[in-house]
Structures are given as C-alpha cells and as structure tokens.
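Reading the structure
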Amino acid sequence: MGKAYKVPNTLTIMKAIEYVGYRFIRSCGCRGGFCGACTTFYRVKNDYKLQVDLACQKRVEDGMYIVQLPFIPAEKPKWDLDKMKSTTDEVIRVFPEITRCLSCNVCTQACPQDIEVMRTIQALRRGDLEDAVNLTFDCISCGACSIRCPAEITHYQVFQLARRLFGKYETIPAKHLMERVKEIEEGKFDDEVSKLMDMNLEEIKELYKKREIEK
Amino acid sequence: MDMCILLRLFRQMPEGLGCGGNHGGSTGDKDPRERFHKGRPEKGGYREVTADCHNRGCPEVHVVIIMEVLYYPGCSLRNTYPEFEKSTYEACEKLGIELVEIPEWSCCGVVPSLATDNVMRHLGAVRSFINAQKKGREIGTNVIVVLCSMCYNVLKRVNLILKEEPDTLENVNSFIDDQPDYVPDLRVTHFLTFLKETGFENLEEKVNKPLKGLKVAPYYGCALLRPDRPEGVPIDNPDNPVILESFVRSIGAEPVHFPFRAECCGNYHIVLEPGIVEMRTRKIIGSAKSVKADLILSPCPLCTYNLGRGNESLDKSEQVPVVFFTQLLALALGGKSYLPTEIEDQILKKIGGEKSD
C-alpha cells in the first residue's frame, strides 16, 4: 500500500489488489455487488471529484488512487416496530438529525448504487414515506453517504427504519411467507434443527461440503 | 361560438351567481392579470378554462381565468398542521387560484444563515428555487407563494441575498453542480401578500359567508415582520402592520387591536426552555383576552404550537382558541375550514350561520 502498481486494465479494483499480491482479510464480502463491504473511495487523474464505488464492481482506471473503508462507525438506535406507526414523524423521532439536512446532495454523489439519497431524506421531511421506501430499495448499507454527510446523518439506517415501517404496516403480507411462518410455528422443521444441533463440528463440515448447490 | 370572457377569479361559476347578463363585453370586473401585475415586471401564469353559467337562462359558455402560482408548502404543513394547507387549497379553489406545488422541494433550512460566509445553509432554499424555476418556466410564472411564516422568512431572505450578492450566487451555483444554475428572477411572496396584491376588495366580493360579529385578534409573530435585512423581507410595516387586520375585515370579521400582536412567542425555546414560551404566550393570549377576542389568528405553525402550549397552561376560562388565517378564509368563502368542530360551531353560533359541509 502507498505505492503505485501496474495492473491489466480489465481488472476490477478488487481483482487488481489481489493481482498485485494482497489477500483480503476485510473490505471484501460477496464479490457480487450486493453486500456493500468493499466500499472504495478514489480519485482519478485531472479530476477534483471524489468518487465512490464498490471494489468488486468498478474497473481500474489509469492513475486511480484509492482507499477502502471496511466500516462506517454508526450508532444504531433501538426501535420497537410494534409500538410505532408508519409515519415519517416516527422516523424523524428516532433520527432527529435528518432535520439537519442541508440539501448539499453530497450523499447522492457518493452512492455507488446511484440512489437519490438526499431526495429520500427530503421525502421524509415532506412526509412521503412511500417515496422514501421506493427510492432506497437498492440500498446495500455501505455507508458511503453517511461518511460524507455534513449533517452526520446515517442514511442507511434511516432508510432501513422507513422500509421496516412501510413493510410492516403498509404493504400486503406475502401469502407464501405467511404459510412458511405457520409451518415453522407448527414445528415442521424442529426435527431437522435438533438433528443439526446434536452434530459435532466435523459432521457439520461434512454436511456443508455435500450440500445441494444451486446452479 | 361567441364566448363571453368573464374575468372573475372563479374556477367555476358558483351556484346562484351568474354573469349578470353582461355578455360580449366587460362585466365590470377588472382583469385580475392587470391588478396583480400593476407596476410589476414579473410575469404570471394563467390558464383559461370554460365553465357553464349558472345564471338562469344564460346559454353562454364562459371563459374563466385561473391564476397559476408556484407553491412551497414546507415540512410543518405536511407533518404537523395539515389543516393549514388543506384550508388554503379549499380557499384557492373558491378563488380560482391554482397552487402548483414545486416538485421535489427541499426543507427550507428552518433558520437562515446568520453568518455572511456560511453559504451551505442556503442550499435547501436554492434547490427548491431551481426546481421552482424549471416548473415556473413551464407554466409561465415566477411567483412562489409560501404559507408558513418561517419558510417565508428563510426563502425570502435567501432569494434577496442571491439577488444582491453575485459572489454568493456564483458560489452556490458552482457548488450545486448536479442541477442547472439558479437565475435569481423568482419572487417569493407570502400568501397574505398575494391575497393583498390580487385585492382584498376583490376577496370581499367572493365572501359568501361573512364572519360578521366575530372578534378576531390578528397575531403576527416575528417571521413575517422581522428582520428587515436584506431589505424587503417584512410583508408589512414592522412597527405598525395592518395587513392581517385588512384581511380580517375582508372576510367580514372585526379585527381587535391588542398590544402583544407582534411580540415573539418564544420560538425554539419550546425545545429546551418551554417555561419561557409559556410565560410569553400566556401574556399574548391574556392580551387578546383583555380586548374580548373570540379567536387569535395565526399565520405561523410554530407560533400556533407555542400559543397552544400557552393555552394548555391556562384555565379554560382564560384560553383563546388559535386558528390559521386560511381556515377562516375557507369558512368565509363557504368551504371546508378544517377547524375542530367545537371551534367551528362557536364561530357559526357567533355569526348566526349554518354549519358548512
């Protein structure tokens, strides 16, 4: 680290780091653009813009210099969905800092998923919970928005609360999910679970290796 | 078809009110376009719709002018006081005014930047202006109507600063690099000012349920009157405002003068020092009570909240109900006021009228 490397220009940032000889012990998760663990900040030659992408998705560019953030420190407040209503007021009560939004839109520019982050926060201010939920469906909670925010909002947690409230109170329950929950409650899987609980580590490893893999 | 142009401020000819049989010529009403834009360089948006005449036997289809203005609601109206906004929509419907909500408006910022170099605080307002500018060009207006006093104060100040300080404007525009530049040619207007400019006397004509005998104490608060910097923020003379009184007269009620009408309610002290707010609002309410006011008229969500807290700390006999000015307006125009039933009943009893739907 702290050095320049020559790498083939077809590699992603993640592949390039491994190509030059490093092994990831953090900042690497699903490798498929879903988990948000490999958030990478970078600048390219002759451009003042600070950019953000997922290392597993973004191809290297000439002169790119990078830093990876494996974790964004954030306090997650506790909430009890059963005692809440599906209003934006509830979201503001749990996260009063969203009223500090300055509309600078730096959060949106930081989002590797191209979510309109500021627009979502403003939708919550305007009282439009549904808009906020629909706008943030693709959020992977990487936290890039939150580390850039001058109002110190932890957007991804705000969005999660918005989606939880909307999902619990506003959407139609999925029929197949209700059926599965009923099956679990009736003990359909109890035998299998207790069989697993009784196994030792070696047996579990063996079972894992032989598992059915989706093609 | 020979259409008679009826320059009334109605969306539809209300039942029982006809064109007066004065077809093909002037109806005696002035063109609202002339009235609103007298001596002003700004353009206004208008739309023409046709409406049947309710005047008995009149076969004509009339062209009615609907005035379109940009509208900034603000967060308090959406989260805390929907009745303020709903009653305004109701009144505007009756007045032939169409409020075109600014798409994707941002929170105004609540407190404007007091430091000359803290431009960041202006961004929320400017983003709303940029969206308003786009919409305004579509419908052909540059007038933004604001209801909430606090939002008005912030938006008005930021807009004036951007008009007066080219450096600040450039700074803001170069920072907001994901939107077109803001060209500061919008005019931020409070709804009261807008009503005044379209003519209180004109409003008077449209009132079909005058609130006769109702004693109303018009409370101004701070944000509509102070500060006068940049110049042009107050909607009236800060030392002796009359706009709310004129408004009250135009809806047929009687404005009562009380010395605390422009005193501060305590504002954000409600968060950390509610005692200060209660002390101040008790004085304001007591002052209105001493001149036998039936109601306090408020133009501001925060003042309304604070006055409500003051009322809660008083005995029932010392309380004075607080209503938004647009609620009385909607009521006087024969629309839905979104007032609590108890208060609406009191008003109707006082003016001796029937309950509205």
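Residues numbered from 1 in each chain as written. Chains lettered and ligands numbered in written order. Predicted model: local features only at pLDDT ≥ 70, side-chain atom pairs only at ≥ 80, totals over all residues.

1. Quick look at the overall build of chain B
The following threshold applies: Put simply, DSSP marks the helices as runs of H or I at least four residues long and the strands as runs of E at least two long, and each gets a number from the N terminus on. Counting other C-beta atoms within 10 Å of a residue's own tells you its class, since 20 or more makes it buried, 12 or fewer makes it exposed, and anything in between is partly exposed; those C-beta atoms are placed from the backbone. By the convention adopted here, residues make contact when the C-beta atoms placed from their backbones lie within 7 Å.
Check the secondary structure of chain B and you find 14 helices and 10 strands. Residues counted as buried form 44% of the 357 residues belonging to chain B. Of the contacts formed within chain B by residues at least 6 apart in sequence, a portion of 75% connects residues at least 24 apart.

2. Points about the domain arrangement of chain A
All names here are of chain A. The cut-off we apply is this: What fixes the domain bounds is an automatic or database domain assignment. Each residue receives one of three labels: charged for Asp, Glu, Lys and Arg, nonpolar for Ala, Val, Leu, Ile, Met, Phe, Trp, Tyr, Cys and Pro, and polar for the others, Gly being one of them.
Taken domain by domain, chain A consists of domain 1 (13-68), domain 2 (81-169) and domain 3 (178-204). Each of domain 1 and domain 2 was reduced to a C-alpha centroid, and the two centroids are 25 Å apart. At the junction of the two partners, domain 1 supplies 7 residues and domain 2 supplies 7 residues. Counting residues per element, the side of domain 1 that touches domain 2 draws most heavily on strand β2 (residues 51-54), which supplies 3 residues. Tallied by class, residues from the side of domain 1 that touches domain 2 come to 4 nonpolar, 2 polar and 1 charged.

3. Let's talk about the sheet that holds strand β8 (residues 254-255) of chain B
Residue and element names in this part refer to chain B. What counts, and what does not: Any two strands between which DSSP finds at least two bridges are classified as paired.
Read across the open sheet, the 4 strands follow the order β8-β7-β9-β10; overall the sheet is parallel. With partners counted over all chains shown, the strands left at the sheet margins are β8 and β10 (322-324), one partner each. Here strand β9 (residues 295-298) runs beside β10; their pairing, made up of 3 bridges, is parallel. By the bridge assignment, I296 is partnered in β10 with V322.

4. Some details on the nonpolar core
Worth spelling out the cut-off: Think of a nonpolar core as buried Ala, Val, Leu, Ile, Met, Phe, Trp, Tyr and Cys residues chained together by C-beta atoms that fall within 7 Å.
Membership of the largest hydrophobic core comes to 123 residues, with the highest contact counts inside it found for A162(A), V146(B), L155(B), I296(B), L297(B) and L328(B). Top contributing element to this core by residue count: helix α5 (residues 149-164) of chain B, with 8 residues. Ignoring anything within four residues of it in the chain, the contact list for I296(B) reads A217(B), Y219(B), I285(B), A288(B), L307(B), V320(B) and V322(B). Judged by nonpolar contacts, the second largest core, of 10 residues, contains I13(A), M14(A), C38(A) and L54(A).

5. Regarding the environment of N240(B)
Mapped onto the elements of the fold, N240(B) is located in the loop between β7 (215-218) and α9 (243-250). Here the alpha-carbon distance between N240(B) and L225(B), two residues 15 residues apart in the chain, equals 9.8 Å.

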